[in-house]
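As a plain string of letters, each chain reads:
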Amino acid sequence: MAEPQAHQELVIVGGGPVGAALAIALADGVRAITVVEAQASPPGGDTRATALSESSVRLLGALGVWPELAGDAVPIHTVEVSQQGHYGRTRLRAEDQGVRALGQVVAYDGLARGLAERARGAPGVEWLAPATVAGLDQDADGVRLRIDGPDGPTERRTRLAVAADGTRSPLRERIGIGVREYDYGQTALLLPLETGGDPNTGYERFTSDGPMALLPAGGRRRTLIWTLPPERAEATAALAPERLAECVATRLGRSFGPIVPQGPPAAWPLHRVEAERGHDGRVALLGNAARTLHPVGAQGFNLALRDVCGLAAALEHARDPGDDETLAAWSRARQADRWQTRLFTDVLARGFVRGGYGLGALRAGALLGLDSCSIARDGLASQTMGLLGGLPRVGSWHLERRP
Ligand SMILES: Cc1cc2nc3c(=O)[nH]c(=O)nc-3n(C[C@H](O)[C@H](O)[C@H](O)COP(=O)(O)OP(=O)(O)OC[C@H]3O[C@@H](n4cnc5c(N)ncnc54)[C@H](O)[C@@H]3O)c2cc1C
C-alpha cells in the first residue's frame, strides 16, 4: 500500500457534475485536491436535459466553463406555466426581467463530461478513476481515506472530505448520516420528441397525472419530462410511438401540432432524499448526496452549484477548511436558499397533484392571479433564475479571481 500522502487540502468523493464543479472552483495550483470517482469515464447515454438557471450560467461563466457549453446550449426566453383543461396560465419573459435569457438548456451528458474534463485538467487536481473509498478514519486534525484506486489500494489524508457521490451516497452512509426520504409516488418519463411551438420557450404544464415540462433542445427538438404514477408510467412507456404521441398531445394541447417521439422514454422513479445534517466532523455533503429534489422546476443542479460556490467562498479565507466553524458558517449562509428552493419544488411537485384534480379551478385562479400580479410573477421568475436571494458574494468571489 502506498504511504499516506501529506495533507491534501481537499478530497472530493464523486466526480459527477457537482464534485467536478467544486474541484474547478477551488483549483488554483496551490491547493492539492483529489477527486475519487467510481466511473473510469462519464458513462454517457443519459438522455436528461438540464435546464440551467441564469444564476448557474453566471457561475459557470465565472468558473470559465460556460464558453465550452454555450455552443450546444438552447436559451429559454419564455417560460409558460399552464394547467390542462383550464384557462389559467402565466408567462415569464426574459425581457421583463431585464435578462437575455431566463436560463439555458444543455444535455446532461455534455454538462457532466465538460465539467469532468475541465476538473481533470485543472492545476493541482488529482483525478483518481475508477476509484472508491474503502475506509475512512477521522480525528481532530483530519480525515484519512483508504481508497481502492486505478493502481490498487492507496491512502490520502485531508483536512476536508466532501461527499458528492450521489443520492445513495456510500460515503454519507459510511459516516452514519441518516436521510429523510419522501416517495412522491411518481415516476418521471423522459421522452425526446419533435414538435412545433416556440423553439425558445420552456413549457410547464400541470395535468391530472402530474406535472409535465417541455424543454427546448434546438429547432423542433424538445425533451419532455412527464411525471406519472409508477404504474401509469410503465404502461405509458410501453405504448407504440403513435399512441404515445397521441397521449402527449392530449395533455399538452393541440397548439403544438404533430408530436413525433424520437426514441423510447426513459423512466426515473422520484424521491426526495435529504441528509439529516450537512456535515459530520470533517466530511461535508454536497449535491445529490446532501439533497435530491424532484426534477419539476429544474432546481437540483442549480441549487447544488450555488452550494458549491458558497463552499468555495467559505473556504477561501478559512484557516482550517474542515473545522466545524467554517462548515457551520457555510451551512448558515446557504440555509435560506436551500429552504426556499425545496419549498418551491415541493409546491410544484405536490401542490398541483395531491388533493386530486377537483382543485383545478383554484389552481387555475392562482395562475391567472400570478399572471396579473407583476410582483408575484417577478418572485417566481427570480426563483426560476436562481436569483431570489441574490448571488453577489458567491459570484463576485469568482469574478474577482477569474477574468
Ligand atoms: C429526470 C431529471 C431531470 C433533471 N433536470 C434537472 C434540470 O433541468 N436542472 C437542474 O438543475 N437539475 C436537474 N436534475 C437534477 C440533477 O440531475 C442533479 O442535481 C445532479 O445530477 C446532481 O449531481 P451530483 O454530482 O450531485 O450527483 P450525480 O450526478 O449522481 O453524480 C454522482 C457521482 O458520484 C459517483 N459515485 C457514486 N458512487 C461513488 C463511490 N462510491 N465512489 C466514488 N464516486 C462515486 C458517480 O459515478 C457520479 O459520477 C434532474 C434530475 C432528474 C432525475
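The following paragraphs examine the structure supplied in this document. Not measured: the values here are computed from a predicted model. (Residues numbered from 1 in each chain as written. Predicted model: local features only at pLDDT ≥ 70, side-chain atom pairs only at ≥ 80, totals over all residues. Heavy atoms only, no water.)

Quick notes on the overall build of the chain
Within the chain, the regular secondary structure consists of 12 helices and 21 strands. Within the span of the chain, comprising 403 residues, buried residues form 54% of the whole. Once local pairs closer than 6 in sequence are excluded, the contacts in the chain between residues at least 24 apart make up 72%. As presented, the chain carries roughly 17100 Å² of accessible surface, and 53% of it is formed by carbon and sulfur atoms. (Helix = DSSP H or I, 4+ residues; strand = E, 2+ residues; numbered from the N terminus. Buried < 20%, exposed > 50% of the residue type's maximum accessible area, 1.4 Å probe, protein only. Contact = heavy atoms within 4.5 Å. Areas by Shrake-Rupley, 256 points an atom, 1.4 Å probe, with all protein chains shown as cover.)

Some points on the site of the ligand
Taken together, 31 residues lie near the ligand, and Glu37, Arg48, Ala51, Tyr108 and Phe301 sit nearest. Here proline 17 contributes a backbone N or O atom positioned 3.4 Å from an oxygen atom of the ligand. Arginine 48 is positioned such that a nitrogen or oxygen atom in its side chain is 2.8 Å from an oxygen atom of the ligand. Elements with a contribution of two residues or more to the shell around the ligand: α1 (17-26), β3 (49-53) and α8 (300-316). (Near = heavy atom within 4 Å. Polar contact = N/O pair within 3.5 Å; in protein donor to acceptor, adjacent residues only side chain to side chain.)

A closer look at empty space enclosed by the protein
One water molecule sets the probe size; rolling that probe over the atoms shows where empty space is left. Scanning the entire structure with this criterion turns up 1 cavity of 30 Å³ or more. As a volume, the largest cavity reaches approximately 50 Å³. Along its surface, the largest cavity is lined by Gly287, Arg291, Leu293, Gly300, Leu303, Ala304 and Asp307. Across the lining of the largest cavity, the residue classes break down as 3 nonpolar, 2 polar and 2 charged. (1 Å grid on protein atoms, 1.4 Å probe; cavity = no way out; pocket = protein on both sides within 12 Å on 5 of 7 lines; lining within 4 Å. Points joined across faces, edges and corners; volume = space filled by probe spheres on them. Nonpolar A, V, L, I, M, F, W, Y, C, P; charged D, E, K, R; others polar.)

A few points about the nonpolar core
Core analysis: the biggest nonpolar cluster contains 46 residues, and Leu22 and Leu115 have the highest contact counts within it. Look past the residues within four positions of leucine 22 in its chain and what remains in contact with it is Leu10, Ile12, Val162, Leu286, Val308 and Leu311. Counting 23 residues, the second-largest nonpolar core is a separate cluster that includes Tyr184, Ala188, Leu190 and Leu270. (Core = buried A, V, L, I, M, F, W, Y, C linked by side-chain atoms within 4.5 Å.)

Observations concerning the packing of helix α2 (residues 54-62) against α8
Packing of α2 against α8 brings their axes to within 9 Å, and their N-to-C directions diverge by 40 degrees. Considering their axes alone, α2 and α8 lie oblique with respect to each other. Every pair of crossing elements has a handedness; the one defined by α2 and α8 is left-handed. Residues Ser55, Ser56, Leu59 and Leu60 of α2 pack against Asn302, Leu305, Arg306 and Cys309 of α8. Of the residues that constitute the contact of α2 with α8, the class distribution is 4 nonpolar, 3 polar and 1 charged. (Axes fitted to C-alpha atoms, helices over the stretch in contact; angles between N-to-C directions. Parallel < 35°, antiparallel > 145°, perpendicular 65-115°, else oblique. Left-handed = near helix turned anticlockwise from the far one by under 90°.)

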